[in-house]
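Spelled out from the first residue to the last, the chains are:
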Amino acid sequence: MANFTSNTYTLKRKILTFSNKISKQLSKPDRKFTADITYGMLASQSCLLTDVVDQLHEDSKKINIVDRLSRHLDKGPPAKAAVIDEIDDTHISKIPIPLLRNHDVQEKINTLALEANKKRYEAYKLEQEALEIMDKEVIYAK
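Definitions and cut-offs
- Residues numbered from 1 in each chain as written.
- Predicted model: local features only at pLDDT ≥ 70, side-chain atom pairs only at ≥ 80, totals over all residues.
- Heavy atoms only, no water.
- Helix = DSSP H or I, 4+ residues; strand = E, 2+ residues; numbered from the N terminus.
- Contact = heavy atoms within 4.5 Å.
- Axes fitted to C-alpha atoms, helices over the stretch in contact; angles between N-to-C directions.
- Parallel < 35°, antiparallel > 145°, perpendicular 65-115°, else oblique.
- Left-handed = near helix turned anticlockwise from the far one by under 90°.
- Nonpolar A, V, L, I, M, F, W, Y, C, P; charged D, E, K, R; others polar.
- Phe/Tyr/Trp six-rings, centres within 6.5 Å; stacked < 30°, edge-to-face > 60°.
- Lys NZ or Arg CZ within 6 Å of the ring centre and 35° of its normal.
- Expected span 1.5 Å × (residues − 1).
- Buried < 20%, exposed > 50% of the residue type's maximum accessible area, 1.4 Å probe, protein only.
- Salt bridge = Lys/Arg side-chain N within 4 Å of Asp/Glu carboxyl O.

**Q** If you had to explain the side chain of D36 to someone new, which residues and values would you point to?
**A** Here D36 lies in helix α2 (residues 28-44). Setting aside residues no more than four positions away along its own chain, D36 makes contact with V52, L56, E58, R68 and L69.

Right, here's the structure in full:
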């Protein structure tokens, strides 16, 4: 028999760790809100605040917690929300590039991808040519 309590605790820990990562630059109330709303929505599988609050298991009255979450939602996104205006070299350098150990297979995949790209471009050119013929000879024919 599975131990559901430890599974639930492990899942909650992972959700809260994720929530902390995405809200680390926010104020403490904003971090708590992010953690509560993320965990509550995932655990309840609902976006209704009353359902979210049921999953938080806080000691306060349900209506007070719903009011707190509602007020926070009404404020809109925090000023320090983690929004990236542009992607630069440092972001790109952090993206892992998967490489296969078998160089021949890697080369075959690369060749197939390049061929597919070439065929897409050829199809695009043919489509443009067909549209031009349609315009000249059918739609705007004299």
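**Q** Break down the packing of α2 against helix α4 (residues 62-75) for me, citing the residues and quoting the values.
**A** Look at α2 against α4: their axes get within 11 Å of each other, and the N-to-C directions meet at 110°. Taken together, the axis directions place α2 and α4 in an arrangement best described as roughly perpendicular. When you trace α2 past α4, the crossing you get is left-handed. Here P29, D30, K32, F33, D36 and I37 of α2 come into contact with α4, specifically with R68, L69, H72, L73 and K75. Residue classes in the contact of α2 with α4 are distributed as five nonpolar, one polar and five charged.

**Q** Explain the packing of aromatic side chains to me, and be specific about the residues and the numbers.
**A** Within the structure shown, the criterion is met by zero aromatic pairs. Positioned above the aromatic ring of Y39 is the side chain of K12, whose terminal nitrogen or guanidinium carbon lies 4.8 Å from the ring centre.

**Q** Just give me the short version of α2, but keep the residues and values in it.
**A** For an α-helix, the turn length of 3.6 residues means that residues three or four places apart are oriented alike. For α2, spanning 17 residues, the distance from its first C-alpha to its last is 24 Å, which sits close to the expected 24 Å at 1.5 Å a residue. Among the residues making up α2, those that are buried are D30, F33, T34, A35, D36, I37, T38, Y39, G40 and S44. The first or second residue beyond α2 is Q45, which carries a positive phi of 55°.

**Q** Report on unusual backbone geometry, specifying residues and quantitative values.
**A** In this structure, Q45 is a non-glycine residue whose phi angle is positive, near 55°. In this model, H57 sits at a positive phi of 55°, which is unusual for a non-glycine residue. By the element assignment, H57 lies in the loop between α3 (49-56) and α4.

**Q** Describe the pattern of salt bridges, naming the residues involved and giving the relevant values.
**A** With the rule as written, the count across this model stands at six salt bridges. The shortest N-O distance in the salt bridge between E58 and K32 comes to 3.3 Å. With a gap of 26 residues between them, E58 in the loop between α3 and α4 and K32 in helix α2 connect regions that are remote in the sequence. For E58, a relative accessible area of 27% puts it in the partly exposed group. Of the charged contacts, one joins K136 and E132 as a salt bridge, the two residues approaching to 3.0 Å between their closest N and O atoms. Note that K136 and E132 are positioned in helix α6 (residues 103-139) at a spacing of four residues, about one turn of the helix. One salt-bridge network, held together by shared partners, links K32, D36, E58 and R68.

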